[in-house]
Amino acid sequence: MAPQKIIIDTDPGIDDVLAISLALSNAEALEVLLLATTQGNIDVNACTKNLVLLMNVLQQEKEARERSNLPKLTFQKPIIAIGADKPIIKTHGHGEFEEDDELEGYHGVDGLNGFHSRNPGLVADDFLLDFTSEDRPEGNTKAYIPSRLPAHDEILRQLRDNEPKSIIIVALGPCTNLALALAKDPETFNRVSKIIIMGGAVRHAGNMTPAAEFNIYGDPDAAERIFNLSSPSNDRKGYGRVPVGLVPLDQTNYHTFSLETLKEFTDPLIASGSPLARLLNDVFSRSFDKIASHSGKALAQCHDPLTIYALLHPELMSWESLDVRVETNGIWTRGQTLIDTRNLPRWKPGEKGKVRDNGNWLHGDTGNQVDVLVGTGDEPSAFGPKLFKEIFRP
Ligand SMILES: [Ca+2]
């Protein structure tokens, strides 16, 4: 069977790096057409720089594996396009409250726990010229095809140039680029076959605030517009429903790996000269202290990698269709992914109830119908070894 064509929208970020490595290591199952960067873990140019670094490392990994007896990496050069540098409506979110700039986040100051400063030269100083200049410097772009279009236009171009319903979009950061593409050309955007979003905390606390998960909090208005594509009301606009899958913290928080698992896989590969193992070991081993100080348990959570894994193993996944809505106005709850937990009887499509249904939560033909990931067929804590096996395929 031909590999599934996908677009990955991403804000790398260390768990994005693992997720993209997982996708590109499985070229027989997934064909990554486009990697679109967005604001999120860090500003969009820094995210792009991290992505360029990853692609350069993966190119080195490809070459190293050619020389070794490890399984070859066979992915085609993806396009990279630079996306949004702020949320669609307001620069709400990270900047609203005074933050302690002395403290770096989970991903470090550069989004890769300082890997750039320890490895200068992996990304050309003028890498941004690849995306803007007519005469791009030769040699910077061996590992990817730089797009001069903004990410949302490149997403639309891919959807236009490929068969309708042949591309899945995977969002590993805030949904800003997706919402921009939808707003610009809804007809073309609705050619997408499915959208899978890492985000939300459905029956679970948030990780950015008590209510909100990071990616949804990063652009709640964009997320809500994308969730709306799953509603029967999108059908009434003439586009049909677009299946929207959500891989929430309810699952991702518990799909983890330990420092021991990381080292068990990467140490021997580093010894045999794997640039990718070196990168993953370097950026993740520096996170474990931070994780332990924050949550008490030194386990790395696999938010983004689990999202790609779900695409690779549809037969293992269980989903529940829920009317998930995004709080776009709350003071303390902005970015919350809300479901109706009132246990009231719901009406069949077309049926009318006898009481007022505030917000149309009970109607059978309104609201969102988001497929929420509720199970992955195994103990979440067993995820780490499976993940590393599918990246390195020893
Ligand atoms: Ca991410």
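Rules behind the numbers
- Residues numbered from 1 in each chain as written.
- Predicted model: local features only at pLDDT ≥ 70, side-chain atom pairs only at ≥ 80, totals over all residues.
- Helix = DSSP H or I, 4+ residues; strand = E, 2+ residues; numbered from the N terminus.
- Rg over C-alpha atoms; globule rule 2.2 N^0.38 Å.
- Buried ≥ 20, exposed ≤ 12 C-beta atoms within 10 Å, placed from the backbone.
- Contact = placed C-beta atoms within 7 Å.
- Pairing = 2+ DSSP bridges.
- Right-handed = clockwise from strand over helix to strand, strands pointing away.
- Axes fitted to C-alpha atoms, helices over the stretch in contact; angles between N-to-C directions.
- Left-handed = near helix turned anticlockwise from the far one by under 90°.
- Nonpolar A, V, L, I, M, F, W, Y, C, P; charged D, E, K, R; others polar.
- Arc of directions from axis to C-beta.
- Core = buried A, V, L, I, M, F, W, Y, C linked by C-beta atoms within 7 Å.
- pLDDT = per-residue confidence, 0-100.

As a further point, take the overall build of the chain. Scanning the chain for helices and strands turns up 15 helices and 13 strands. Relative to the compact-globule value of 21 Å for 394 residues, the chain shows a C-alpha radius of gyration of 21 Å, a close match. For the chain, the spread of C-alpha atoms along the principal axes amounts to about 70 × 50 × 45 Å. A buried classification covers 47% of the 394 residues belonging to the chain. Taking all contacts inside the chain whose residues are at least 6 apart in sequence as the whole, residues at least 24 apart take part in 78%.

Right, let's get into the pairing of strand β3 (residues 79-82). In this sheet, β3 lies alongside strand β2 (residues 30-37) in parallel orientation, the contact comprising four bridges. Each bridged residue has a counterpart across the sheet, and for L35 the counterpart in β3 is I80. In this fold, β2 hands off to helix α2 (residues 44-66), which returns the chain to β3; that crossover is right-handed. Sheet analysis places β3 next to strand β4 (residues 145-146), joined by two bridges and oriented parallel. Opposite I80, over in β4, you have P146 as the bridge partner.

Across the interface, helix α4 (residues 151-161) lies against helix α5 (residues 176-184) with an axial gap of 8 Å and an inter-helix angle of 65 degrees. Classified by chirality, the crossing of α5 by α4 is right-handed. Seen from α4, the contacting residues are A151, H152, I155 and L156; seen from α5, they are N177, L180, A181 and K184. A class-by-class count of the residues in the contact of α4 with α5 yields five nonpolar, two polar and one charged.

With that settled, consider helix α14 (residues 303-312). Burial analysis of α14 places nine of its ten residues in the buried class, the great majority of the element. Those residues of α14 that fall on the buried side of the exposure criterion are H303, D304, P305, L306, T307, I308, Y309, A310 and L311.

All right, on to helix α15 (residues 383-392) then. Along α15, the residues classified as buried are F383, G384, L387, F388, I391 and F392. Seen end-on, α15 carries its buried residues on one side only, within an arc spanning 145 degrees. Across from the buried face of α15, at angles greater than 90 degrees, the exposed residues are P385 and K389.

A few words on the nonpolar core. Note on soluble globular proteins: their nonpolar side chains tend to be buried together. With 106 residues, the main nonpolar core has L178, I195, I197 and I226 as its most contacted residues. The dominant element in this core, judged by the number of residues it contributes, is α2, at ten residues. Ignoring anything within four residues of it in the chain, the contact list for L178 reads D9, I169, A171, I195, A222 and I226.

Judged by pairing direction, the sheet is mixed, and its nine strands sit side by side in the order β4-β3-β2-β1-β5-β6-β7-β13-β10 without closing on themselves. Sheet topology places β4 and β10 (318-322) at the edges, where each strand pairs with a single neighbour. On the sheet, α4 packs against β1 (4-10), β2, β3 and β5 (167-171) and is oriented at approximately 155 degrees with respect to β2.

This part covers unusual backbone geometry. That bond from P12 to G13 is cis: its omega, -10 degrees, falls within 30 degrees of zero. Tracing the chain through its elements places G13 in the loop between β1 and α1 (14-24). In the Ramachandran plot, K165 falls in the positive-phi region, its phi being about 60 degrees despite a non-glycine side chain. Of note, K165 is situated in the loop between α4 and β5. Of note, the phi angle at N360 is positive, near 55 degrees, even though the residue is not glycine. Relative to the helices and strands, N360 is located in the loop between β12 (337-338) and β13 (370-375).

Now for the pairing of β2. Within a regular beta strand, the side chains point alternately toward one face of the sheet and then the other, so they alternate between its two faces. The element β2 is extensively covered by neighbouring structure, given that seven of its eight residues are classed as buried. Across seven bridges, the pairing between β1 and β2 is parallel. The partner of D9 across the bridge, within β2, is A36.

The subject of this paragraph is the confidence of the model for the chain. Looking at the chain, the pLDDT average stands at 91 and 94% of residues meet or exceed 70. Predicted confidence is poor over residues 92-99, with pLDDT under 50, and the contacts of this stretch with residues over four places away or in other chains come to six contacts.

Let us look at the environment of L112. One can find L112 in the loop between β3 and α3 (115-118). Separated by 171 residues in the primary sequence, L112 and V283 place their C-alpha atoms 5.8 Å from one another. Among residues more than four places away in sequence, those in contact with L112 are I14, N50, H107 and V283.

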